[in-house]
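Residue-level listing of the chains:
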Amino acid sequence: MIRPLAGLKVIEFEGIGPGPLAGRMLAGHGAEVTAIVRPNRAKLGDPDPGANDDPLRRGKTVIALDLKRPEAVEEAMRRIARADALIEGARPGVMERLGLGPADCAERNPRLVYGRMTGWGQEGPLSKAAGHDLNYLALTGLLTLTQRDGCGPIAPPTVLGDAGGALGLAFGIVSGVYAAGRTGRGCVVDAAIIDVVAALGGIALWARGQGMLDGPRPSMFHDSPFYDAYLCADGRYVTIGALEPQFYALLLDKLGLADVDPKAQYDARQWPMLKERFRTLFLSRPSADWRALLEGSDVCFAPVLSLAEAAKHPHNAARRVYRQGADGRLHAAEAPRFAPLEDPSRRLRGEGGA
């Protein structure tokens, strides 16, 4: 079996979802991934104990460090000094405050590739707001690709299938080039879409292992009131993804639902009644009102936009996510973006791409 990333040393500061999945993908291709985890880290979703085996940690070395302690930060830095790459998924500014930002690491390891995984990016009006997958899809404008009259939008299949397969192929090519540079031998990259999409389902498989999907229990992704797209009085949709208790409590507060107990968030018996109540509430006001109340806060919110609207949204405009060509067509900026490790104040802006 060819393991093209054998010898690649990666330090992963474990977060939720995409960062660990990226680390798992690298480990699956032979990288030596060390996941630095917080002691007694709170779990996403239902706080009741679930499966102890986390598939996103498979193939990794896991160490627990309390990064609030200086000696733990120094231990992390010693490992970074010997690494080829780093993955972190904290909100902008968190790693810098810990003394583990790009400039700090550059002093100890100028060859380090510093990978930053966030929902909204390192800059822009929403950069410090909480969010989840549904919100990010909504704000790109792509969620509208599956919207039908009278029905809420769902995740667009071409993005997850075709684009996911293309991303898998690109990853495979880079992996193969890396291996060829070390071994002098090429390899075949078999990037079947079905394989890539299944691999990208690591977070869903983890959720399934926790009883959140594909089982007899109601799913927080499909049945709960706090993760859904809601129709508003003007016929537009907005999305809510308040999975964590603190975000749900804030959502209830902003919606004026003082009689709803935030501690009973995962009591699935209450979900049907609460979901109907949420539907009625959101339908009572236009989407502009909900945007004024909720956008940019930690309730994990985003409006469902068309592609044209998405291009003009302040956050996307600030990051130049889209550009309009001379022919009037929209083009998306290249992603991810790269900036010098030594000078974190410089931001390389995306200049577009087909």
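Calculation notes
Residues numbered from 1 in each chain as written. Predicted model: local features only at pLDDT ≥ 70, side-chain atom pairs only at ≥ 80, totals over all residues. Heavy atoms only, no water. Helix = DSSP H or I, 4+ residues; strand = E, 2+ residues; numbered from the N terminus. Rg over C-alpha atoms; globule rule 2.2 N^0.38 Å. Buried < 20%, exposed > 50% of the residue type's maximum accessible area, 1.4 Å probe, protein only. Contact = heavy atoms within 4.5 Å. Areas by Shrake-Rupley, 256 points an atom, 1.4 Å probe, with all protein chains shown as cover. Pairing = 2+ DSSP bridges. Axes fitted to C-alpha atoms, helices over the stretch in contact; angles between N-to-C directions. Salt bridge = Lys/Arg side-chain N within 4 Å of Asp/Glu carboxyl O. Polar contact = N/O pair within 3.5 Å; in protein donor to acceptor, adjacent residues only side chain to side chain. Core = buried A, V, L, I, M, F, W, Y, C linked by side-chain atoms within 4.5 Å. Expected span 1.5 Å × (residues − 1). Arc of directions from axis to C-beta.

Chemist: Help me understand the overall build of the chain in this model?
Modeler: Counting secondary structure elements, the chain contains 13 helices and 10 strands. Relative to the compact-globule value of 20 Å for 354 residues, the chain shows a C-alpha radius of gyration of 21 Å, a close match. Reported as C-alpha extents along the three principal axes, the dimensions of the chain are approximately 65 × 55 × 40 Å. For the chain, with 354 residues in total, the buried portion stands at 42%. Across the chain, contacts joining residues at least 24 apart in sequence account for 64% of those joining residues at least 6 apart. For the chain, the accessible area works out to roughly 18,800 Å², and carbon and sulfur atoms hold 56% of it.

Chemist: Help me understand the sheet that holds strand β1 (residues 9–13) in this model?
Modeler: Strands pair in a sheet through their backbones, by hydrogen bonds, and they do so in one of two ways: parallel or antiparallel. Pairing in this open sheet of five strands is parallel, and the strands run β3-β2-β1-β4-β5 from one edge to the other. The strands lining the two open edges of the sheet, one partner per strand, are β3 (61–64) and β5 (113–116). With direction set aside, neighbouring strand axes in the sheet form an average angle of 20°. Across four bridges, the pairing between β1 and strand β4 (residues 85–88) is parallel. Bridge pairing in β4 places Ile-11 opposite Leu-86.

Chemist: Explain the pattern of salt bridges to me, please; I cannot follow it from the model alone.
Modeler: Once the charged atoms of two side chains with opposite charge are near each other, the side chains can pair. Per the stated rule, a full pass over the model turns up 20 salt bridges. For the salt bridge of Glu-96 with Arg-116, the shortest nitrogen-to-oxygen distance reads 3.1 Å. Of this pair, Glu-96 sits in helix α3 (residues 94–98) while Arg-116 sits in strand β5; the two residues are 20 residues apart in sequence, bridging distant segments of the chain. Taking relative accessible area as the criterion, Arg-116 reaches 26% and is therefore assigned partly exposed. Each of Glu-74, Glu-75, Arg-78, Arg-79 and Arg-108 takes part in salt bridges that share partners, so that together they form one network.

Chemist: Honestly, the environment of His-132 in this entry has me stumped. Any pointers?
Modeler: With respect to the element layout, His-132 can be found in the loop between β5 and α5 (133–140). Among the residues examined, His-132 registers a relative accessible area of 15% and is labelled buried. In sequence terms His-132 and Leu-243 are 111 residues apart; their C-alpha atoms lie 8.5 Å from each other. The contact partners of His-132, leaving out residues within four places of it in the chain, are Tyr-227, Gly-241, Leu-243, Glu-244 and Cys-300. A polar atom in the side chain of His-132 sits 3.1 Å from the side chain of Glu-244.

Chemist: Honestly, the nonpolar core in this entry has me stumped. Any pointers?
Modeler: With 47 residues, the main nonpolar core has Phe-226, Ile-240, Phe-278 and Phe-282 as its most contacted residues. For this core, the element with the highest residue contribution is helix α9 (residues 245–255), accounting for five residues. Those residues in contact with Ile-240 that sit more than four places away from it in its chain are Leu-134, Asn-135, Phe-226, Tyr-227, Asp-228, Tyr-230, Leu-251, Phe-282, Leu-294, Val-299, Cys-300 and Phe-301. Ranked by size, the runner-up nonpolar core spans 21 residues in total, among them Leu-67, Met-77, Met-95 and Cys-105.

Chemist: Looking at this model, I keep getting lost on helix α2 (residues 70–81). Mind explaining?
Modeler: Given 3.6 residues per helical turn, the α-helix brings residues three or four places apart onto the same face. Compared with an ideal rise of 1.5 Å per residue, which puts 12 residues at 16 Å, α2 spans 16 Å between its outermost C-alpha atoms and is within 8% of the ideal. Ala-72, Val-73, Ala-76, Met-77 and Ile-80 are the residues of α2 that are buried. Along the axis of α2, the buried positions cluster into a sector of 140°, meaning they face one direction only. Check the buried side of α2 and you find it contacts β1, β2 (32–37), β4, α3 and α4 (102–108).

Chemist: Would you explain the sheet that holds strand β6 (residues 227–231) in this entry?
Modeler: On the basis of which strands lie adjacent, the open sheet formed by three strands has the order β6-β7-β8 and antiparallel pairing. Looking at the sheet topology across the chains shown, the edges are occupied by β6 and β8 (301–303). Across the sheet, the mean angle from the axis of one strand to that of its neighbour is 20°, orientation sign disregarded. Both strand β7 (residues 237–241) and β8 contribute to a ladder of three bridges, which runs antiparallel. Note on β8: the bridge partner recorded for Val-238 is Pro-303. Packing against the sheet, helix α11 (residues 287–294) makes contact with β7 and β8, and its axis sits at approximately 150° to β8.

Chemist: So what exactly am I meant to see when it comes to the side chain of Ser-219 here?
Modeler: For Ser-219, the location among the structural elements is in the loop between α8 (202–209) and β6. There is a polar contact of 3.1 Å between the side chain of Ser-219 and the backbone nitrogen of Phe-221. Sequence-distant contacts of Ser-219, defined by excluding residues within four places in its chain, comprise Met-212, Leu-213, Ser-224 and Trp-271.

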